[in-house]
Amino acid sequence: MAKAAAAEVEAGGRAVRVSSPDRVIYEATDRTPEVTKLMVAEFFAGAGDGLMRALRDRPTALERWPSGVREGMKLATGPQDRNADAFYQKRVAKGAPDFVESVGITFPSGRTADEICPTEPAVPVWCAHMGTLTFHPWPVRRSDVDRPDELRIDLDPQPGTTFADAVRVAGVARELFEELGIAAFVKTSGNRGVHVFVRIEPRWEFVDVRHAAIAFGRELEKRDDGVTTAWWKEERGERIFVDFNQNCRDRTIASAYSLRPQPGAPVSTPVTWAELADLEDPRELNLFTVPDLLADRGDAWAAIDDVHHSLEPLLELWEANPVEMNYPPDYPKMPGEPPRVQPSKKVAEHWDDEGNRVE
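Just so we're clear, the structure is a prediction, and the values are computed from it rather than from any experiment. (Residues numbered from 1 in each chain as written. Predicted model: local features only at pLDDT ≥ 70, side-chain atom pairs only at ≥ 80, totals over all residues. Heavy atoms only, no water.)

Undergrad: How would you summarise the packing of helix α4 (residues 163–179) against helix α5 (residues 206–223) if you had to cite specific residues and measurements?
TA: Following both chains from N to C, one finds α4 and α5 inclined at 115°, their axes separated by 10 Å at the closest point. Judged by the twist between their axes, the crossing of α4 over α5 is right-handed. Residues Val-169, Val-172, Ala-173, Leu-176, Phe-177 and Glu-179 of α4 form the contact with α5, whose participating residues are Phe-216, Glu-219, Leu-220 and Arg-223. For the contact of α4 with α5, the per-class residue count stands at seven nonpolar, no polar and three charged. (Axes fitted to C-alpha atoms, helices over the stretch in contact; angles between N-to-C directions. Helix = DSSP H or I, 4+ residues; strand = E, 2+ residues; numbered from the N terminus. Left-handed = near helix turned anticlockwise from the far one by under 90°. Contact = heavy atoms within 4.5 Å. Nonpolar A, V, L, I, M, F, W, Y, C, P; charged D, E, K, R; others polar.)

This is the structure we're talking about:
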């Protein structure tokens, strides 16, 4: 069979070349037809305003699936996964077009990199040409890459819980934000979770935003016994985990209008609070249905940049209970952090409070 010629997709007044346009990225399911590489590029072009609202001027890592998504394929998460089918790209690829801009960022290790910084709709389309399905933007803008302008509350269902549980907890989160005078916006994760985002004034450092997320999660625990902030999986139980560490430096959440590597090409979709309450299956929001939703009512997050809130109400909650939590395992030991020892091992192997094993 002859290989299809490259196609062009128009985005923001710029024609972007897409190679291998007929490559199947998602196989057909009982719900959805197959999805080609060209269809992915066209989806990102069509989601232009909403997608750029999520990505514009933000350092962005790319989750690339160049061979498409198939059962059993693996995403590389470290050097041990050299033979994985997909990978994260955190540096601008050589040979990128001139319109693909970058910004310098610093990782927790102290190493630096120039990461893609989308400034126009053609950039996500070019990323699709490179096999990108999911965008992972930092919660900062290029004008100040050390002070976030976004608080992210990741509601992560644990085994034994459902999407409906995450929706319920999101409703409690909305009520709490309203009590604090903060406008919150919600989207599906594209899988079983729910993400709640708040634009904040870029006055605080990553550690402050993380503390705000911890305080918010603890307040949710008080209001719903199906919520947990326990870092160790063995302590979470059948509850919705508030993943506060998603607010750490170089920790990112799939952007609005990103595709997810799951059957049926699901989309991490901004929705209204009323739409979320009525949504039973997040797979209903996919590459085939989201364009119609956008055409019908526009981007549900159209007003997200209208107000940037103070973090002080949440930092006051933190100061009322400033107990530090564990950081991700690849982080250097952080000030005030408890021992990085699984609770069951700490008891069984006699670890002291400083994380040292006692013989």
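Moving on from the model shown.
Undergrad: A description of the layout of surface pockets should follow, citing residues and the corresponding values.
TA: Its volume calculated, the largest pocket comes out at about 1700 Å³. In terms of lining, the largest pocket is formed by 48 residues, of which the most central are Thr-77, Tyr-88, Gln-246, Arg-251 and Thr-252. Going through the elements one at a time, β6 (87–89) and β10 (150–157) are the ones with two or more residues in the lining of the largest pocket. Here the lining of the largest pocket takes four residues from β10, the largest share from any one element. Counted by class, the lining of the largest pocket contains 20 nonpolar, 14 polar and 14 charged residues. (1 Å grid on protein atoms, 1.4 Å probe; cavity = no way out; pocket = protein on both sides within 12 Å on 5 of 7 lines; lining within 4 Å. Points joined across faces, edges and corners; volume = space filled by probe spheres on them.)

Undergrad: Mind laying out the nonpolar core, listing which residues take part and the relevant values?
TA: Counting residues in hydrophobic clusters, the biggest one holds 91 residues, and the most contacted among them are Leu-155, Phe-177, Leu-220 and Leu-259. Per-element tally for this core: the top contributor is α4, with nine residues. In this view, Leu-155 contacts Ala-166, Val-169, Ala-170, Gly-193, Val-194, Val-196, Leu-220, Ile-240, Phe-241 and Val-242; residues no more than four positions away in its chain are not counted. Counting residues in hydrophobic clusters, the runner-up holds nine residues, among them Val-103, Ile-105, Val-145 and Phe-206. (Core = buried A, V, L, I, M, F, W, Y, C linked by side-chain atoms within 4.5 Å. Buried < 20%, exposed > 50% of the residue type's maximum accessible area, 1.4 Å probe, protein only.)

Undergrad: Describe the packing of aromatic side chains, listing the residues and the values that go with them.
TA: The full count for this structure, using the stated rule, is 10 aromatic pairs. Both rings, one in Phe-43 and one in Phe-44, keep their centres 5.9 Å apart while their planes meet at 55°; by these two values the pair is tilted. One exposure class covers both Phe-43 and Phe-44, and it is buried. Both rings, one in Trp-231 and one in Phe-241, keep their centres 6.4 Å apart while their planes meet at 55°; by these two values the pair is tilted. A residue pair is termed long-range when its members are at least 10 positions apart, and Trp-231 in the loop between β13 (227–228) and β14 (240–242) and Phe-241 in strand β14 qualify at 10 residues. Judged by its relative accessible area of 19%, Trp-231 falls in the buried class. One residue, Arg-236, lies across the ring of Trp-231, its end atom 6.0 Å from the ring centre. Looking at Arg-236, its charged tip hangs above the ring of Phe-241, at a distance of 3.7 Å from the centre. (Phe/Tyr/Trp six-rings, centres within 6.5 Å; stacked < 30°, edge-to-face > 60°. Lys NZ or Arg CZ within 6 Å of the ring centre and 35° of its normal.)

Undergrad: Which residues make up the side chain of Asp-281, and what values go with them?
TA: Mapped onto the fold, Asp-281 is located in the loop between α6 (273–278) and α7 (290–297). Judged by its relative accessible area of 14%, Asp-281 falls in the buried class. Within the structure, Asp-281 has its side chain in polar contact with the side chain of Arg-31 (distance 2.7 Å). (Polar contact = N/O pair within 3.5 Å; in protein donor to acceptor, adjacent residues only side chain to side chain.)

Undergrad: Any details on the environment of Thr-60? Residues and values, ideally.
TA: Relative to the elements of secondary structure, Thr-60 occurs in strand β5 (residues 60–64). Taking the C-alpha atoms as reference points, Thr-60 and Lys-90, separated by 30 residues in sequence, lie 7.4 Å from one another. There is a polar contact of 2.8 Å between the side chain of Thr-60 and the backbone oxygen of Arg-58.

Undergrad: Give a detailed account of the sheet that holds β6, specifying residues and quantitative values.
TA: One open sheet holds the three strands; their spatial order is β6-β5-β9, and the pairing between them is antiparallel. Two strands bound the open sheet, and with one partner strand each, they are β6 and β9 (132–137). Recorded for the sheet is a direction-independent mean angle of 25° between the axes of neighbouring strands. Judged from the three bridges that link them, β5 and β6 form a sheet pairing that is antiparallel. By the bridge assignment, Arg-64 is partnered in β6 with Phe-87. (Pairing = 2+ DSSP bridges.)

Undergrad: Got a sec to walk through the sheet that holds β14? Specific residues and values, please.
TA: Strand order in this open sheet of six strands is β13-β14-β10-β12-β11-β15, and the pairing throughout is mixed. In this open sheet, the two strands that pair with only one neighbour each are β13 and β15 (270–271). Bridging between strand β11 (residues 185–188) and β15 involves two bridges; their strand directions are antiparallel. Across the sheet, the residue bridging to Val-186 is Val-271, located in β15. Most of the contacts of α5 go to β10, to which it runs at about 45°, and overall it touches β10, β13 and β14.

Undergrad: Explain the side chain of Asp-299 to me, and be specific about the residues and the numbers.
TA: With respect to the element layout, Asp-299 can be found in the loop between α7 and α8 (312–320). A polar contact is formed between the side chain of Asp-299 and the side chain of Tyr-257, at a distance of 2.6 Å. Aside from chain neighbours lying at most four places away, what touches Asp-299 is Gly-50, Arg-53, Tyr-257, Pro-270 and Leu-294.

Undergrad: Describe in detail the packing of α5 against α8, supporting the description with residues and values.
TA: Where α5 meets α8, the closest approach of the two axes is 8 Å, and the angle between their N-to-C directions is 70°. Accordingly, the angle class assigned to the pair α5 and α8 is roughly perpendicular. Within the contact between the two elements, α5 uses Asp-208, His-211, Ala-212, Ile-214, Ala-215, Phe-216, Arg-218 and Glu-219 and α8 uses Leu-314, Leu-315, Leu-317 and Trp-318. For the contact of α5 with α8, the class distribution of residues is eight nonpolar, one polar and three charged. (Parallel < 35°, antiparallel > 145°, perpendicular 65-115°, else oblique.)

Undergrad: Go over helix α1 (residues 37–46), please, and point to the residues and values.
TA: Among the residues of α1, those classed as buried are Lys-37, Val-40, Ala-41, Phe-43 and Phe-44. The arc that holds every buried residue of α1, seen down its axis, measures 160°, which confines them to one face. (Arc of directions from axis to C-beta.)

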